Amino acid sequence: MRRDRLLVAIALVTLLAADIHFILLPRLRSWYHLPRFSCSCTNSSLENGAAATVPWTTSQNITAVSTERGSKLERLFRHRLYNIRLPELGPEERLLDEDELVNYCKRKVSRWERLKKFYIEAAAASNITIPDHPVTFDPEASWLQFHLGINRYALYSRDDGSIDRLLRDMQTAPVISADFTQDEKALKGACDCSQVVKPSGLHLKLALKLQDFGKAMFKPMRQERHEETPENFFYFVDFQRHNAEIAAFHLDRVLDFRRVPPVAGRFINVTGEILYITHNEELRSVFFTSPANNTCFFAKCLYVCKSEYAVCGHPDLLEGSMSAYLPGLSIAPRISIPNPWIRAYSFTGREEWEVNPLYCDNVKKRYPYNSGNRLLNIIDMAIFDFLTGNMDRHHYEIFTKFGDDGFLLHLDNARGFGRHSHDEMSILAPLTQCCMIKRSTLFRLKLLARSEYRLSDVMRESLSRDPLTPVLTEDHLQALDRRLGQVLRTVGTCVKKLGETQVVITDFVESSRVTTSHPGASNR
């Protein structure tokens, strides 16, 4: 009996020792070596050199395995880096005044009602029946709240509930009108097929008006998700992918940039939600029925050039992306500025940055890149485009109200996510040549390289909420992790060469031409 008790005691001690050695000690060791962000989640914390305690390579980050279960995306958004408070927003830091915007929209609705009545009467005289969809203008509509939430730091705040409402509305709200977009209308059907770079009308997109008077740009599906852009394609003749628009919005939110307007996937009935309700006779004229009895349509320009580029429903349903429109230019002016790292849109030409490794030194001497945050924002945009694989960032836009230190709008992302098997390092030229990055951007990138917040995992979870899921294939999701590692290694190389203080830059640097800025605020 005593011998049995002794054996039991030995077994228990052995189990306890094994538990301590194999479970408790690794957890303690993991916790002890976990990278510590010394920021206290205030704006000033990002200026205190906190990056010094963060390792520069991803290999050290991903060793810390979280034992917490549940949503990685929700855990990410609860992290202190995603809860940095901004200063109180005054009227000058908000894009729009509420009373002015509501009155503007009411005038637009009144004008719409008058034109609709006129068009329906004219159509009836020609024996054409146009459905009369009533407009329900609501000052609390999600799209209106989205417009009111735009400020000098971002398109929307992190806790803005109207964004999720807007996504749902774009997925389900009745469509009351369809038309060509303004840039395609500007072409007036003209298309020079000898041009290397085709005008924007080459890529069919439509402006859809919703019943609450919201407006979204519809880009139809042109390419299957598993298809890669052929390696011999030039970037300027690549397809525009609807799922790339959707994924870019989710990536922008995961990175906490919040510079891409909300985008949602949707199935559109091309007959009932475009053909039968459009007031544009030219748009009606480009519809036809295919030999497979599917309803198809094409851009006016493409009809002249190559009608085989038409898109077709099955037989009427067509999936695509719905991108929320920004406020009109008459109430919220924007300017379009050439990207300093613009590519040569020709078969043989090369730009200066492609042959001069010191090109960034020249950029730093030019306005508006010689002060303020503009150059840092360009580098943010380059990192974003590198992760998506978008080589087509020839211009960027800013709201004129916010001046030189306003954030850059990341519009038109449909040429991203074309090749998961290739990382186009030239997209990172602003980072590699300037060797600068915002402190907050670096912190979040390093956070997304850790296993408990892995970028591919939070993107998979975020995209699963879209009705067109799966939006990206697993190959594209894994490419995000690989490219994130490339970005961090590039930053690490810069730090080794120049030192951390020269590379990791305080988030907000006041422009010499703007005096209304808040020092210490994170300019996203």
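First things first, this report covers the structure right here in the doc. (Residues numbered from 1 in each chain as written. Predicted model: local features only at pLDDT ≥ 70, side-chain atom pairs only at ≥ 80, totals over all residues. Heavy atoms only, no water.)

A look at the pattern of salt bridges
Phase 1 of the analysis: Scanning the entire structure with this criterion turns up 23 salt bridges.
Phase 2 of the analysis: When the shortest N-O distance is used, the salt bridge between Arg 259 and Asp 380 registers 3.2 Å. A residue pair is termed long-range when its members are at least 10 positions apart, and Arg 259 in the loop between helix H8 (242-254) and strand E4 (263-269) and Asp 380 in helix H14 (residues 374-388) qualify at 121 residues. Taken individually, Arg 259 and Asp 380 each receive the classification buried, so the pair is uniform in this respect.
Phase 3 of the analysis: One salt-bridge network, in which partners are shared between bridges, spans Lys 72, Arg 454, Asp 457, Arg 460 and Glu 474. (Salt bridge = Lys/Arg side-chain N within 4 Å of Asp/Glu carboxyl O. Helix = DSSP H or I, 4+ residues; strand = E, 2+ residues; numbered from the N terminus. Buried < 20%, exposed > 50% of the residue type's maximum accessible area, 1.4 Å probe, protein only.)

Points about the side chain of Arg 393
Phase 1 of the analysis: Along the chain, Arg 393 falls in the loop between H14 and strand E10 (395-399).
Phase 2 of the analysis: Engagement of the side chain of Arg 393 in a polar contact is seen with the side chain of Asn 413, the distance being 2.6 Å. (Polar contact = N/O pair within 3.5 Å; in protein donor to acceptor, adjacent residues only side chain to side chain.)

A look at unusual backbone geometry
Phase 1 of the analysis: Pro 368 follows Tyr 367 through a cis peptide bond whose omega is 5 degrees.
Phase 2 of the analysis: For Pro 368, the position within the fold is in the loop between helix H13 (359-363) and H14.
Phase 3 of the analysis: With an omega dihedral of 0 degrees, the bond running from Thr 469 to Pro 470 counts as a cis peptide bond.
Phase 4 of the analysis: Mapped onto the elements, Pro 470 comes out in the loop between helix H17 (455-463) and helix H18 (474-498).
Phase 5 of the analysis: The residue Asp 256 is not glycine, and still its phi comes out positive at about 65 degrees.
Phase 6 of the analysis: Among the secondary structure elements, Asp 256 is positioned in the loop between H8 and E4.
Phase 7 of the analysis: Judged by relative accessible area, which is 2%, Asp 256 ranks as buried.

A look at the packing of aromatic side chains
Phase 1 of the analysis: Tallying each qualifying case throughout the model produces nine aromatic pairs.
Phase 2 of the analysis: On the numbers, 6.4 Å between centres and 70 degrees between planes, the contact of Trp 112 with Phe 213 is edge-to-face. With Trp 112 in helix H4 (residues 98-125) and Phe 213 in the loop between strand E2 (206-210) and strand E3 (215-220), this pair connects stretches of sequence that are 101 residues apart. Each member of the pair, Trp 112 together with Phe 213, is buried.
Phase 3 of the analysis: Between Phe 399 and Phe 402, the ring centres sit 6.2 Å apart and the planes meet at 80 degrees, which makes this aromatic pair edge-to-face.
Phase 4 of the analysis: Through a chain of ring-to-ring contacts, three or more aromatic side chains come together here, namely Phe 399, Phe 402 and Phe 407.
Phase 5 of the analysis: In this arrangement the basic side chain of Lys 215 is found over the ring face of Tyr 325, its NZ or CZ atom lying 4.7 Å from the centre. (Phe/Tyr/Trp six-rings, centres within 6.5 Å; stacked < 30°, edge-to-face > 60°. Lys NZ or Arg CZ within 6 Å of the ring centre and 35° of its normal.)

Description of the sheet that holds E3
Phase 1 of the analysis: Strand order in the open sheet made by the five strands is E1-E2-E3-E8-E4, with antiparallel pairing throughout. Two strands in the sheet have a free side with no partner beyond their single neighbour: strand E1 (175-180) and E4. Within the sheet, the average angular offset between the axes of one strand and its neighbour, ignoring direction, is 35 degrees.
Phase 2 of the analysis: Contacts from helix H6 (residues 161-172) reach E2, E3, E4 and strand E8 (317-324) within the one sheet, and its direction differs from that of E4 by about 15 degrees. (Pairing = 2+ DSSP bridges. Axes fitted to C-alpha atoms, helices over the stretch in contact; angles between N-to-C directions. Contact = heavy atoms within 4.5 Å.)

A closer look at the state of the cysteines
Phase 1 of the analysis: In the structure shown here, the tally under the stated rule is three disulfides.
Phase 2 of the analysis: One disulfide bridge connects Cys 360 with Cys 434, the sulfur atoms lying 1.9 Å from each other. Where Cys 360 bonds to Cys 434 through sulfur, the torsion about that S-S bond is close to 105 degrees, and the disulfide is right-handed. Placement of the pair is Cys 360 in helix H13 and Cys 434 in helix H15 (residues 429-434), with a sequence separation of 74 residues. (Disulfide = S-S within 2.5 Å.)

Keep in mind that these numbers describe shape and distance, not what the molecule does.
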